[in-house]
Structures are given as C-alpha cells and as structure tokens.
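# Structural characterization, general
Residue strings, one per chain:
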Amino acid sequence: MKTPLDIRVNGEPTQVAAGATLADLIEQLALGCRKIAVAVNRTVIPRSHFAKHSIEAADQIEILEAVGGG
Amino acid sequence: MGESYTLGSHTFQSRLIVGSGKYDSFQTQLDATVASGAEMVTVALRRVDLTAPKSENLLSYVPEGTTILPNTAGCFNVEDAVTTCQLGRELLGHGLVKLEVIGDERTLFPDVPATIEAAKILVEDGFEVLPYITDDPVACQRLAALGCAAVMPLAAPIGSGLGIRNPTNLRIILETVEVPVVVDAGVGTASDAAVAMELGCTAILMNTAIAGAKAPVQMARAMRLGVEAGRLAYESGRISRRLYATASSPLDGLASF
C-alpha cells in the first residue's frame with residue numbers, strides 16, 4: 001500500500017491516495033455536481049482534463065466557484 | 001428599446017450591467033436583476049466551502065440567458081488577476097472578463113500600471129477585457145490601444161454612492177477613446193445613472209447602489225428607468241445651455257389691453 005499524498009486544497013491540509021487524479025479528489029470532496037474551476041499550483045486545469053491529471057505530493061489546489069460580486 | 005451595442009463578441013440591448021454582491025439572499029438578488037432588465041451580471045470567484053458541498057450556488061439564481069461576467073475583485077497584483085480570469089473563462093465558457101487590479105485597500109482605486117500590464121497579457125491570450133480603471137483619459141487610451149473591449153472608468157470609489165464626480169474627465173474619455181465607455185462604480189441613485197448616460201457612456205455597471213438600497217428590487221427598476229431616460233435624452237440631443245430666457249410662447253399676436 002503506497003503512502004497517501006499530502007496536499008493542500010483551498011489552503012486546507014488534505015490527503016489523497018497515491019495515484020489519485022483530480023477527478024478522484026473532486027469525488028472525494030463531493031463536489032461533482034458543483035460548477036467549479038480548478039487551479040493546481042496556479043495552472044488552470046480544464047474540467048475535461050480532471051480524469052487524467054494526476055495529483056502530486058505538496059500540490060496546492062484551489063477550487064473556486066462564482067459568488068456574488070460587483 | 002434603443003440600439004444594441006457590443007462588448008467584444010457579446011451584444012446587448014440593456015445598458016445597465018449589475019453586480020450580484022451584497023444581497024441578503026439569492027432570491028432578492030434574482031428579483032433585483034430581473035427588475036433591472038440587465039442582460040449581464042458580474043460575479044466574483046471565491047473558494048468553494050469544502051464543508052458544505054451541497055449548499056446553494058449563485059449561478060442557480062441568475063435569469064436564463066444572462067451573460068455572467070467574472071471579475072477579479074480582491075486581486076492586488078497582475079498574476080492573481082490573470083489566473084482569476086483564466087479560472088473565470090474555464091468556469092463560464094467565454095473570455096469576457098472584468099479586470100480589476102486594486103492598488104489601495106481603503107479607496108479600492110485601481111493600480112493603473114498593473115491593470116495595463118494584466119490587460120496586455122489577457123488580450124494576447126484572447127480574452128475580451130473590460131478593465132475597471134480610474135477616470136484618467138490617458139490610462140483609458142492606453143487600455144483601448146492595447147485591445148481592450150471597453151474601458152470602465154469609475155464614477156466615484158466603489159460602493160461610495162457619491163455619483164459622477166468628474167463628468168468632464170468622462171467627456172474627455174468619451175471623445176478620445178474609440179472603444180465603448182462603461183461607467184463602473186460609484187453611483188448612488190437613478191439620477192447618477194441618467195447623468196452617465198446623458199454624457200454618452202455606452203453602459204453603466206453598478207452593484208451597491210441597488211443591493212444596498214432599502215428596497216433593492218424597486219431601486220433596480222429605478223436604475224433601469226434612469227439608464228433608459230438618460231440614454232434617450234442623449235440620443236435626442238439636448239438643447240444648449242443659455243444664460244437668458246427664450247420665450248416658449250409666440251411673441252406675435254399679443255393682445256393690447
């Protein structure tokens with residue numbers, strides 16, 4: 001059994017299984033139904049790439065959505 | 001309804017663009033947006049609440065067919081603003097963005113050099129950039145020259161409700177910039193919106209003046225009417241100002257008693 005990866009999601013320490021993809025993380029966080037946009041280490045990852053984008057240890061992942069603003 | 005206008009590749013009839021912030025509920029925001037007649041609504045991008053993945057989202061409370069304009073509010077540097085625009089494009093599926101790079105927390109005035117730098121990067125990346133900027137004609141000219149889809153000078157500080165503080169600068173911007181001029185921020189009431197439109201601005205963007213009113217939905221309608229009245233007056237060509245009276249009634253045929 002490989003050790004899980006320590007990452008940060010929206011600034012919060014989070015663990016994912018070794019070899020997990022962004023799609024796995026989104027499922028783990030139960031965000032599959034939300035309209036979100038994701039950046040990994042400042043690079044925007046299109047939704048269509050979530051399933052093939054592997055998460056690396058120490059990744060800084062930002063998951064954003066639209067909120068009220070002017 | 002007057003003529004339509006375009007911002008980048010997007011065409012609109014309504015000259016009122018509204019923000020979605022500061023409302024006490026999603027429903028009030030939706031009702032106010034409908035009452036405003038706006039066809040474009042601005043949104044901010046913020047972190048998803050990981051502890052409430054099933055909570056409601058603003059995008060369920062935007063009228064069908066409305067264009068959603070992501071902003072870069074809260075960004076104080078070029079890199080954050082550019083990344084936020086890229087996230088907005090990914091989220092909303094189009095490249096029309098409201099660029100704001102704030103230079104000062106207290107006034108929320110834009111960082112002009114940083115705004116220009118970010119706009120250049122974004123235009124080169126294919127974005128249709130609507131930059132929030134000071135009412136500085138030279139800054140507006142620079143932004144227009146590098147390919148922004150419009151310039152959006154502030155009327156007064158964001159959320160201040162002070163109205164059109166410098167109509168003469170806006171007139172210079174309108175005369176010297178070839179792209180649409182959208183007044184962004186600072187209006188307080190419907191007459192402010194009318195003044196902006198009477199000057200010849202293409203459109204006006206506001207949030208607090210509606211959301212912060214005691215009756216936001218009613219104020220949204222007042223703003224709609226103010227914008228329409230101002231635009232109609234502009235298109236009608238107002239009379240010139242004179243120091244002395246000119247009689248409205250005929251001078252001939254007066255009775256002699």
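In this text the structure is predicted, and so the values were computed from the model without any measurement. (Residues numbered from 1 in each chain as written. Chains lettered and ligands numbered in written order. Predicted model: local features only at pLDDT ≥ 70, side-chain atom pairs only at ≥ 80, totals over all residues. Heavy atoms only, no water.)

## Some remarks on the interface of chain B and chain A
Many descriptions give the size of an interface as the accessible area lost when the pieces come together. Contact with chain B, which involves 32 residues of that partner, is made by 26 residues of chain A. Surface buried jointly by chain B and chain A totals about 2,500 Å² across both partners, of which 58% is contributed by carbon and sulfur atoms. Its salt-bridge partner being R47 of chain B, residue E62 of chain A comes within 2.7 Å of it at the nearest N-O pair. Mapped onto the side of chain B that touches chain A, the elements with two or more residues apiece are β4 (40–47) and α2 (78–92) of chain B. Counting residues per element, the side of chain B that touches chain A draws most heavily on α2 of chain B, which supplies seven residues. Relative to β4 of chain B, strand β5 (residues 60–68) of chain A runs antiparallel, the two sharing five bridges. The residue of β4 of chain B that forms the bridge with V67 of chain A is A44 of chain B. (Contact = heavy atoms within 4.5 Å. Buried area = accessible area lost by both parts, 1.4 Å probe. Salt bridge = Lys/Arg side-chain N within 4 Å of Asp/Glu carboxyl O. Helix = DSSP H or I, 4+ residues; strand = E, 2+ residues; numbered from the N terminus. Pairing = 2+ DSSP bridges.)

## Quick notes on the packing of helix α1 (residues 26–36) of chain B against helix α8 (residues 216–236) of chain B
Residue and element names in this part refer to chain B. Relative to each other, α1 and α8 sit at 20°, their axes nearing to 7 Å. The angle between α1 and α8 places the two elements in the roughly parallel class. For the pair α1 and α8, the crossing hand works out as right-handed. Residues T28, D31, A32, V34, A35 and S36 of α1 form the contact with α8, whose own contacting residues are P216, V217, A220, R221 and R224. (Axes fitted to C-alpha atoms, helices over the stretch in contact; angles between N-to-C directions. Parallel < 35°, antiparallel > 145°, perpendicular 65-115°, else oblique. Left-handed = near helix turned anticlockwise from the far one by under 90°.)

## Some thoughts on the packing of aromatic side chains
All names here are of chain B. A full pass over the atoms with the stated rule returns two aromatic pairs over all chains. Centre to centre, the rings of Y5 and F12 are 5.8 Å apart; their planes meet at 40°, and the pair counts as tilted. Pair check on accessibility: Y5 and F12 agree, each one buried. (Phe/Tyr/Trp six-rings, centres within 6.5 Å; stacked < 30°, edge-to-face > 60°. Buried < 20%, exposed > 50% of the residue type's maximum accessible area, 1.4 Å probe, protein only.)

## Notes on the sheet that holds strand β7 (residues 128–133) of chain B
Residue and element names in this part refer to chain B. Read from one edge of the open sheet, three strands run β6-β7-β8, paired in parallel fashion. At either end of the open sheet lies a strand with only one pairing partner, and these are β6 (96–99) and β8 (152–153). Here β6 runs beside β7; their pairing, made up of four bridges, is parallel. Bridged to L96 within β7 is E128.

## Focus: α2 of chain B
Residue and element names in this part refer to chain B. Taking 1.5 Å of rise per residue, 15 residues should cover 21 Å, and α2 covers 21 Å from first to last C-alpha, within 8% of that figure. Turning to α2, its buried residues are V78, A81, V82, T83, T84, C85, L87, G88, L91 and L92. Measuring from the backbone nitrogen of E79 back to the side-chain oxygen at the start of α2 gives 3.2 Å, which picks out N77 as the cap. Positive phi appears at G93, one or two residues downstream of α2, with a value of about 80°. (Expected span 1.5 Å × (residues − 1). Polar contact = N/O pair within 3.5 Å; in protein donor to acceptor, adjacent residues only side chain to side chain.)

## Some details on the pattern of salt bridges
All names here are of chain A. Counted under the stated rule, the structure contains nine salt bridges over all chains. Residue E65 pairs with R34 through a salt bridge whose shortest N-O separation is 2.9 Å. Of this pair, E65 sits in strand β5 while R34 sits in the loop between α1 (22–28) and β3 (37–40); the two residues are 31 residues apart in sequence, bridging distant segments of the chain. Judged by its relative accessible area of 8%, R34 falls in the buried class.

## Observations regarding helix α6 (residues 190–198) of chain B
Residues and elements named next belong to chain B. Residues of α6 that are buried: A190, D192, A193, A194, A196 and M197. Buried residues along α6 sit against β9 (182–184), β10 (203–206) and α8. Among the residues trailing α6, G200 stands out with phi positive, at a value near 110°.

## Quick notes on the nonpolar core
Ranked by internal contacts, the top residues of the largest apolar core, which has 53 residues, are I204, M206 and M223 of chain B. It is helix α3 (residues 112–124) of chain B that contributes the most residues to this core, five residues altogether. Not counting the four nearest positions on each side in its chain, M223 of chain B is found in contact with L16, G188, T189, A190, A193, M206, A209 and I210 of chain B. Counting residues in hydrophobic clusters, the runner-up holds 19 residues, among them L25, L29, F50 and I61 of chain A. (Core = buried A, V, L, I, M, F, W, Y, C linked by side-chain atoms within 4.5 Å.)

## Here's the deal with unusual backbone geometry
Backbone phi values are negative for most residues with the exception of glycine, while trans is the configuration of most peptide bonds. All names here are of chain A. Non-glycine residue A30 carries a positive phi angle of around 60°. Relative to the assigned elements, A30 resides in the loop between α1 and β3. Even without being glycine, R42 reaches a positive phi, approximately 80°. Summarising the element assignment, R42 is placed in the loop between β3 and β4 (43–45). Note on R42: relative accessible area 46%, which makes it partly exposed.

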